Amino acid sequence: METTVYPEKYLLRFTQQLDHSTPEAGAFTQRVVVCHKGIDRPTILVTEGYGGAYAQHPDYKDELSELFDANVVFVEHRYFLESTPEPLDWKYLTAENSAYDLHHITTTMKQLYPGKWISTGISKGGQTTTLYRAYFPDDVDISVPYVAPLNRALEDPRHLSFLRKIGSRAERKTIAKFQHEILKRKSEIIPLLAEYSEQHSYTYRILLEEVLDYCVLEYPFALWQWGTSINTIPSLKDSTKVLFDHLMSISSPDYFSEQQPYGSFFVQAARELGYYPYDTKPFRKKLSITSADGYLHKLMLPDSAGEIEYSDALYRKVYQFLQDNDPKMIFIYGENDPWSATRVPDFKNKKNLQIYIEPGGSHRARIRTMPEATQKKIIEQISSWLQ
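Residues numbered from 1 in each chain as written. Predicted model: local features only at pLDDT ≥ 70, side-chain atom pairs only at ≥ 80, totals over all residues. Heavy atoms only, no water.

Engineer: Before we go on, may I ask you to explain empty space enclosed by the protein in this structure?
Structural biologist: Summary: where empty space remains is shown by rolling a probe the size of a single water molecule over the atoms. Within the structure shown, the criterion is met by 3 cavities of 30 Å³ or more. Lining the largest cavity we find 14 residues, and of these Gln127, Pro149, Leu150, Leu314 and Val318 sit closest to its centre. Elements represented by at least two residues in the lining of the largest cavity include exactly α3 (124-135), α9 (263-273) and α11 (313-324). Residues belonging to the lining of the largest cavity are distributed by class as follows: 9 nonpolar, 4 polar and 1 charged. (1 Å grid on protein atoms, 1.4 Å probe; cavity = no way out; pocket = protein on both sides within 12 Å on 5 of 7 lines; lining within 4 Å. Points joined across faces, edges and corners; volume = space filled by probe spheres on them. Helix = DSSP H or I, 4+ residues; strand = E, 2+ residues; numbered from the N terminus. Nonpolar A, V, L, I, M, F, W, Y, C, P; charged D, E, K, R; others polar.)

Given below as structure tokens:
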């Protein structure tokens, strides 16, 4: 494969069992991209939580690989893009099966790369890194999950508590006023939303008025998640088109459309990863919907998924593993990222398990976005573990 970053790069296809406890269930192929630095170098296992097409780009690089001059074994998650089984049977999309996928790949690739291994992933990929460590504690030497939530409910209320406190009172007030103004101008905005949806070929399971409601409810989460400045919020005296364009730039309806590409993720969220709720109370007089409860099932799950019931067994397994052990793990979070509302707990008396929070940081928090002294501390810690 073409590469501008690594000396060599390869595309591999691993045959994986659909259900690692039931071989007769069948198999599928999983996309793996290997970026080679040298067999004497450490290896970074990237546990992508979604599709992995971007890893094939010639300019793809990983932060830890750059910092520690390491190989990369990048794994596309099962049921995404080229790693989707045919026929599609959703019952095999489980955290346990994804952990066994990674176990198979890691144990195989260790025959080529016998040095130290670091697993890492971002967001849902960070969740995958964490659950993989809970299922196979000794597969890798170090884990560095970035911005990885550990939800304990289908609609974890800690996200709402976080949003009610994040930022200053003035900032939260500015956000709420914008949301109210959008709903106040609903009759003017619906035609704009209809035109926008037609231009992008978006269709929905619900009425446009309800789609707008969800865009407004999603708005503060998305704004804080990606670190968008409050100063970008337009004046309430601006035209409806200006306000609408800003809303679309932060909270587009594609997320709630039938064309969104995250069906596999929503199956996982509904089954065991959990998600976040919406607070309708401040806007109930202006909303078309009476409640947002159960919106994941109503709007996001693929029709073919059928009935899926949430279980907190995965949360309890990961929590128990982190509580009872002291693995070499460094968790990276952003202070203002709503996903940090459900970050892993700061367990007492842990020497190896460490949590770092970027001041004012968002979902884009990385080692290199940390204050210089914190960067140095993290890099020195990982370097010592690699010895």
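Engineer: Help me understand the environment of Asn231, please; the structure alone is not making it clear to me.
Structural biologist: Tracing the sequence through the fold places Asn231 in the loop between α7 (208-225) and α8 (240-250). Once the C-alpha coordinates of Asn231 and Thr174 are considered, the two residues, 57 residues apart in sequence, prove to be 9.5 Å apart.

Engineer: What am I meant to see in the pairing of strand β8 (residues 354-358) here?
Structural biologist: Looking down a regular strand, the side chains alternate between one sheet face and the other. Of all 5 residues making up β8, 4 are buried, and the element is well covered by its neighbours. Note: strand β7 (residues 330-334) against β8, 5 bridges, orientation parallel. Opposite Gly334, over in β8, you have Glu358 as the bridge partner. (Buried < 20%, exposed > 50% of the residue type's maximum accessible area, 1.4 Å probe, protein only. Pairing = 2+ DSSP bridges.)

Engineer: Even after reading the chapter, I still don't get the packing of aromatic side chains, so can you show me in this structure?
Structural biologist: To describe a pair of aromatic rings, one takes the distance between the centres and the angle between the planes. In this structure the tally under the stated criterion is 32 aromatic pairs. Ring centres of Tyr276 and Trp339 lie 5.3 Å apart, and the angle between their planes is 75°; on these two criteria the pair is classed as edge-to-face. One end of the pair, Tyr276, is in the loop between α9 and α10 (295-300); the other, Trp339, is in the loop between β7 and β8, with 63 residues separating them in the sequence. Exposure remark for Tyr276: the relative accessible area of 1% places this residue in the buried category. Residue classification places Trp339 among the buried positions, given a relative accessible area of 8%. Geometry around Phe347 places Lys350 over its ring, the cationic atom sitting 5.7 Å from the centre. Directly above the ring of Tyr146 sits Arg366, whose terminal nitrogen or CZ lies 5.7 Å from the centroid. (Phe/Tyr/Trp six-rings, centres within 6.5 Å; stacked < 30°, edge-to-face > 60°. Lys NZ or Arg CZ within 6 Å of the ring centre and 35° of its normal.)

Engineer: Teacher, can you tell me more about the pairing of strand β3 (residues 43-47) here?
Structural biologist: Of all 5 residues in β3, 5 are buried; the element is thus mostly enclosed. The side-chain alternation of β3 yields two buried faces, one formed by Thr43, Leu45 and Thr47 and the other by Ile44 and Val46. When β3 meets strand β4 (residues 71-75), the two strands line up parallel, connected through 5 bridges. Following the sheet pairing, Thr47 is matched in β4 by Val75. With helix α1 (residues 63-68) bridging β3 and its parallel neighbour β4, the resulting β-α-β unit is right-handed. By the bridge criterion, 4 bridges tie β3 to strand β5 (residues 117-122) in an arrangement that is parallel. Following the sheet pairing, Thr43 is matched in β5 by Trp117. (Right-handed = clockwise from strand over helix to strand, strands pointing away.)

Engineer: I keep staring at α8 and nothing clicks. Help me out?
Structural biologist: One turn of the α-helix equals 3.6 residues, which is why residues spaced by three or four share an orientation. Taken together, the buried positions of α8 are occupied by Thr240, Leu243, Phe244, His246, Leu247, Met248 and Ile250. Next to the buried residues of α8 lie α5 (169-184), α6 (186-199) and α7. (Contact = heavy atoms within 4.5 Å.)

Engineer: Which parts of the structure should I look at to understand the environment of Gly360?
Structural biologist: Positionally, Gly360 belongs in the loop between β8 and α12 (372-386). Relative accessible area serves as the criterion here: at 43%, Gly360 is assigned to the partly exposed category. Separated by 194 residues in sequence, Gly360 and Ile166 place their C-alpha atoms 10.0 Å apart. Beyond its immediate sequence surroundings of up to four residues, Gly360 is in contact with Glu335 and Asn336.

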